[in-house]
Amino acid sequence: MASATDTTKREGFRAVLRSRIAQIIFIWNFAGLAFLVIGVLLLTEMRAGLTDAQFRNLRTQGELITNLLIETGTVQGDPYPYINEPAVREVLRRLLPPIAEGARPGASGPRVRVFSADGRLIADTDVIYDRLEERPLALGEESDIGARLESAARRVEYLRITPWRPSITTEEEIERGMRGEIARGERLNEKGERVVSVTLPLRRVQAVLGVVTLESADVERILVAERASMIPFVLGATIAIFLSSLLLALFIARPLRTLSAAADSLRLSGATRLQLPDISKRKDEIGALSHSLEQMTDALADRIDANERFAADVSHEIKNPLASIRSAVASARAAQTPEQQSQMLAIVAQDVVRLDRLITDIARASRIEAETARGDLGQVDLGALLFDIARAYETPPGEKAHAEVHFKGARPEGALVIGQPGSLGQVFRNLIDNARSFSPEGGTVTVSAQVLKTKEGQIVRAVVEDEGPGIPPENLETIFQRFYTQRPKGTAFGGNSGLGLSIARQIVTSHSGKIRAENIEGADGEVRGARLIVELPLAGAPRH
C-alpha cells in the first residue's frame, strides 16, 4: 500500500514538473536567482574600485620604500653608484614586519622585490620571512564551515568567470622600470593568483641602479571573501525559491491540470455536469474559476435539458394537428355528400393554419434564443419602442378590428434600457397579440410605460392590459410555460401556439428583467381583464 502511495506521489510530482505553468514558474524564479548569483560573482564595479585604490596604495608605499632604499641601500661608488645588497635585504626585513601567526599569507602587506640593473633578484620579502602558504590536502573534520565556503569561493574564482587577461608581465615591468618609468598592471603570480603590481625605478642621481616591484593579491582575496560570505545567502535564496516555486506549481499548475483532466473526462464520457468540490472550496481565483466552470456546465446542462423537453413538446404539439388532419382526410374520403366533404376540408384548413402558426412560432423561438445568446446589446428607448409598436397596431380608418390597441398616456422620456431592439420588440408584439386574442369583440388593449424607482434601483415598467376574461389564479405562472394553450370559454381554439408568453419570458429574463401576470379587478371584485407587466433595469442601473 505504501509503495502504491509513493508511486502515486512520484507520478503527481512528475506531472507537476511537466506542466507548462510549473516550468515557467521555475524558470523565471531561478532566472532572477541566476542574475543575483552572477552579479555576486562578477562584482565588476567593486573590482575596478578596489584595483584603482590598490594601485594608488602600492605606488605610495613603493615611493616611500624606494626613497628609503636610495638613502640606506645604495652607495655612491667610484666612479659609479651601486646597490648594497645586504643593506637592502636588512632594510626590507626591518621595514616590513613578518606575517603574524595564524594570519593569512599576504595579509600583513604587499610582496616587495628588488631587482638589479641586469634583472637579477636581490631581495624578496617572501624569501626573507619564508612565507609559505599552507594548503591542506583535504579538509578534516575539524574544518569549520567558513573554511569550506572560502575554499569553494576560491575554486569558483579561479574558474575565471570574468573575462580577464594579464595586462603586463614581470619582465615588462622590470624593463620599463629600468627605463626610468613607473609601471603598473595586473598579472598572475607563481601561485596562479591575480595580483596588482607596481614597479618603480631605484634611481641614484641620474643612474637607474635597479627596480622595486610591489604586488598584492588583496583585491582577489577581498572578492573571494565577499563571495564566500554571500554563499550562505545564495544557498538560502535558492532553497526559498525552489520551495516557493514548488508550492506555486502545486497550488496553481496541479489544480489547473485537474480542471483540464475533468473537462476532458466530461467531453469523453458524454456527461453534462462538472463536479470539482475539492477545488471549488478554495478561497482564491482558482476556486472561483472552478466554481464558475461548474456553474457554466450546469447552465449548459439545463439548456440541454430544456432543449430536449422543447423537442419532446414540439413533437407532441405537432402530432395533435397532424392527427386531426389525418382524421379529417379519412372522414372526407368516406363522406357521402359534398357538404360533409366541405366540412372536413374546413377542419383540414383550420388545422393547417394552426400547424403553420405552430411551426412559425417554433422557428421564431429558436431564432430569438440564438440572437439572445449572441448578446449584441445596446441602448434602447423602450418608451419610443412601445409607442411605435402600439401605433403599428392601429386600425386604418374605415376598417374595423377585433380589438383596438392604444398607447396610454404620454410617451415617457429617458426610458432607456440595455438590450436588443428586435428581441424586445418581439416581447411586446407577443404580449399585444396575446391580449388581442383574449379580448372580446370591440375590446381595447392598452399599452403604457413609466420610469420608476424601486429598492433594486431605477426600472422601466411596461404594461399591456386587455378586457378579456382574465387568467385563472392558479395559472398566473403556468401561462409562461411552453405550449400552454388552455383557454377560457368563448375564445377561439387554435389561435395560439402556446409559445408567445414563453418566448417573452425567455427574452425578458435574458435582459435581466422580470415579467408577471395579474388580473384586473373592478370595485366589485369581478375580473375585468388581464394585465401583463414587464420590468427592465434602466440603463446604468445594476443588472442582476
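Cut-offs applied
Residues numbered from 1 in each chain as written. Predicted model: local features only at pLDDT ≥ 70, side-chain atom pairs only at ≥ 80, totals over all residues. Heavy atoms only, no water. Helix = DSSP H or I, 4+ residues; strand = E, 2+ residues; numbered from the N terminus. Buried < 20%, exposed > 50% of the residue type's maximum accessible area, 1.4 Å probe, protein only. Contact = heavy atoms within 4.5 Å. Areas by Shrake-Rupley, 256 points an atom, 1.4 Å probe, with all protein chains shown as cover. Pairing = 2+ DSSP bridges. Axes fitted to C-alpha atoms, helices over the stretch in contact; angles between N-to-C directions. Core = buried A, V, L, I, M, F, W, Y, C linked by side-chain atoms within 4.5 Å.

Q: Which parts of the structure should I look at to understand the overall build of the chain?
A: Scanning the chain for helices and strands turns up 14 helices and 14 strands. Of all 544 residues assigned to the chain, the portion counted as buried reaches 38%. Sequence separation of 24 or more characterises 67% of the internal contacts of the chain that already satisfy a separation of 6 or more. For the chain, the computed accessible surface area is about 31,200 Å², with 56% contributed by carbon and sulfur atoms.

Q: Help me out: how do you make sense of unusual backbone geometry in this one?
A: One can expect most non-glycine residues to show negative phi and most peptide bonds to be in trans. Positive phi, close to 65 degrees, is recorded for S512, a residue that is not glycine. The residue S512 is located in the loop between helix 14 (500–510) and strand 13 (514–521) in this model.

Q: Looking at this structure, how should I read the sheet that holds strand 12 (residues 457–465)?
A: Within a beta sheet, neighbouring strands are joined by backbone hydrogen bonds and run either parallel or antiparallel to one another. An order of 9-11-12-14-13 is seen for the five strands of this open sheet, with the pairing classed as mixed. What marks the edges here is a single partner per strand, and that holds for strand 9 (403–407) and strand 13. For this sheet the average axis-to-axis angle between neighbouring strands, irrespective of direction, equals 20 degrees. Contacting strand 9, strand 11 (443–454), strand 12 and strand 14 (527–537), helix 12 (residues 382–392) runs over the sheet at an angle of about 150 degrees to strand 9. Strands in contact with helix 14 are strand 13 and strand 14; relative to strand 13, the strand with the most contacts, it is inclined by about 130 degrees.

Q: What's the story with the environment of G442 in this structure? I'm lost.
A: Mapping G442 onto the fold places it in the loop between helix 13 (421–438) and strand 11. C-alpha separation for the pair G442 and H402, spaced 40 residues apart in sequence, amounts to 5.6 Å.

Q: Just checking my understanding: could you explain the nonpolar core for this structure?
A: The nonpolar side chains of soluble globular proteins are, as a tendency, buried together. In this structure, L382, L386, V427, F428, L431 and V534 are the most contacted members of the largest nonpolar core, which totals 43 residues. Element by element, the count of residues in this core is highest for helix 13, at six residues. Residues within four places of L386 in sequence aside, it is in contact with F407, F428, V447, S448, A449 and A462. Grouped together as the second largest cluster of nonpolar side chains are 21 residues, I65, I70, V91 and L214 included.

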